[in-house]
Structures are given as C-alpha cells and as structure tokens.
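One letter stands for each residue in the lines below.
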Amino acid sequence: MTSFTSLGITEPILQALADYGYEVPTVIQEKAIPAGLAGRDVLGSAQTGTGKTCAFGVPILQRLAQARGKKGIRALILTPTRELAIQIDDNLHAYGKNLPLTETVIFGGVGQAPQVERLKRGVDILTATPGRLLDLQGQGLLDLGRVEIFVLDEADRMLDMGFIHDVRRVLKLLPAKKQTLFFSATMPPEVMELVNALLRDPVKVAV
Ligand code: AMP
C-alpha cells in the first residue's frame, strides 16, 4: 500500500495530514500529488468524494512554501459553489497548519466588506467562486497577475451552472506561465476545449 511519505510530501504537511486523520492516500492523491509537486499540469477526471482537494491542496502548499514568491495571490482555486469553496478553504487551512502560508475564501450572496478586509491583509492562496472573484477584480480589489498555480475545480459543473463565460474571463486575468490543476467529473466537448486551451502536457489521472 502506498503511503503519503512515499509521495515526496514534506514533514510539516505529513504531520498535518496525520493529525487530520488521513492514513493512506486515495487513488487520485497517489497519482496527482507527485505530478503536482513536480510542477506538472494535471488533468483529473474525478468527482467530489475522491479526495481531490488534498490532491491539489498538497502540491499548492508545498510548492508555495518551498519557493518564496512575490507578495500577492500565488494560488487561485476556482470552484462553482459557496459550499465547495468553504470546504476547500477549510481543508487547505488544516493541511497547511504547520506552514507560514495564508489563505482565504470569497463567494457571492454575502456582503463583500469582510472579504475585502481579509484580502487587504494579504493572502497567498485564494479559493473563490467565479462571480464574486470577477466582481472584486473589477473593482480593483484583487490582482490575479501573480498567480503561480491555478486550480479549476468541477469544470463540468461550472458549465452546467452557466459559469463558462465567467471562467473564460478569469483565465484572461491569469499569467500565461503558471501550473494548472484541472478537475472535472466528466469531460464533455466544451470542457475538453478548455483543457486544450489551458493545459500543457498534463499528467492525466482518472478515478
Ligand atoms: P474531497 O473529494 O476532497 O471532497 O474529499 C472527500 C472526503 O474524504 C473529505 O471528507 C476528506 O477530508 C476525506 N479524505 C480525503 N483524502 C483522504 C484520505 N487520504 N484519507 C481519509 N480521508 C480522506
């Protein structure tokens, strides 16, 4: 059986995963974590429940902790719903508890002031739903020009929920040079179009 230790994960994260009750990696973690840590783009066919949050969260945390970056948002996770966004941010907080990285989450349907306040204090990792992200960006309240790692989560649901245009607008705001981790439960043609436009020689992981 594969262990988290054999995937190349550093001690502060291994300890956090153990504290969180994770003993062995799931299939997607086993394949996506080494690829992500190596800086490769990843295309994951996986739905919620497979452990994909840890599969993209660990590479983000470890790579950002290892290389001191410029100030600003260094990783962006785009996800379709408020519930998913909150859950992802909570998990990142738990996995990264032994690292000096900061994260926050923004989503619509609530007042923006507390989110804006938090962004002003600076965050390394931002989890967001598309509408609120574009809204705050349009107001000049956040800058995506320094993103090093981008996660597109639940791409097929983005499509189903009518967020595809928002997603395309977000993509235009990101630097061309970045690592992309892309997840979708299904791969309909419109999702594949995004994949082809966005990913460079991805490691493909299907669950
Ligand atoms: P996700 O697909 O990322 O939403 O994860 C689904 C659930 O599985 C969440 O409750 C995670 O905390 C949990 N989980 C993820 N990876 C592991 C693991 N390696 N061992 C035990 N539980 C896990």
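All values derive from a computational prediction rather than experimental measurement. (Residues numbered from 1 in each chain as written. Predicted model: local features only at pLDDT ≥ 70, side-chain atom pairs only at ≥ 80, totals over all residues. Heavy atoms only, no water.)

Some remarks on the overall build of the protein chain
Regarding its fold elements, the protein chain presents nine helices and seven strands. For a compact globule of 207 residues, the expected C-alpha radius of gyration is about 17 Å, and the protein chain comes in at 16 Å, within 12% of that figure. With respect to the principal axes defined by its C-alpha atoms, the protein chain has extents near 50 × 40 × 30 Å. Burial statistics for the protein chain: of 207 residues in total, 52% are counted as buried. Accessible area for the protein chain stands at about 9,600 Å²; split by element, carbon and sulfur atoms hold 51% of it. Distance between charge centres in the protein chain, computed from 23 positive and 22 negative side chains, equals 7 Å. (Helix = DSSP H or I, 4+ residues; strand = E, 2+ residues; numbered from the N terminus. Rg over C-alpha atoms; globule rule 2.2 N^0.38 Å. Buried < 20%, exposed > 50% of the residue type's maximum accessible area, 1.4 Å probe, protein only. Areas by Shrake-Rupley, 256 points an atom, 1.4 Å probe, with all protein chains shown as cover. Lys, Arg positive; Asp, Glu negative; His and termini not counted. Charge placed at Lys NZ, Arg CZ, Asp CG, Glu CD.)

Some remarks on helix 8 (residues 164–173)
All of the buried residues in helix 8 are Ile164, Asp166, Val167, Val170 and Leu171. Along the long axis of helix 8, the arc covered by the buried residues comes to 155°, so they all point the same way. Those residues of helix 8 that are exposed and angled more than 90 degrees off the buried face are His165 and Lys172. Looking at the buried side of helix 8, the elements it contacts are strand 2 (75–78), helix 6 (130–138), strand 5 (149–152), helix 7 (155–160) and helix 9 (189–198). (Arc of directions from axis to C-beta. Contact = heavy atoms within 4.5 Å.)

A short note on the pattern of salt bridges
For the structure on display, the rule yields eight salt bridges. A salt bridge links Glu154 to Arg157; its shortest N-O distance comes to 3.0 Å. Residue Arg157 is classed as partly exposed on the basis of its relative accessible area, which comes to 34%. Connected through shared salt-bridge partners, Lys52, Asp153, Glu154 and Arg157 make up one network. (Salt bridge = Lys/Arg side-chain N within 4 Å of Asp/Glu carboxyl O.)

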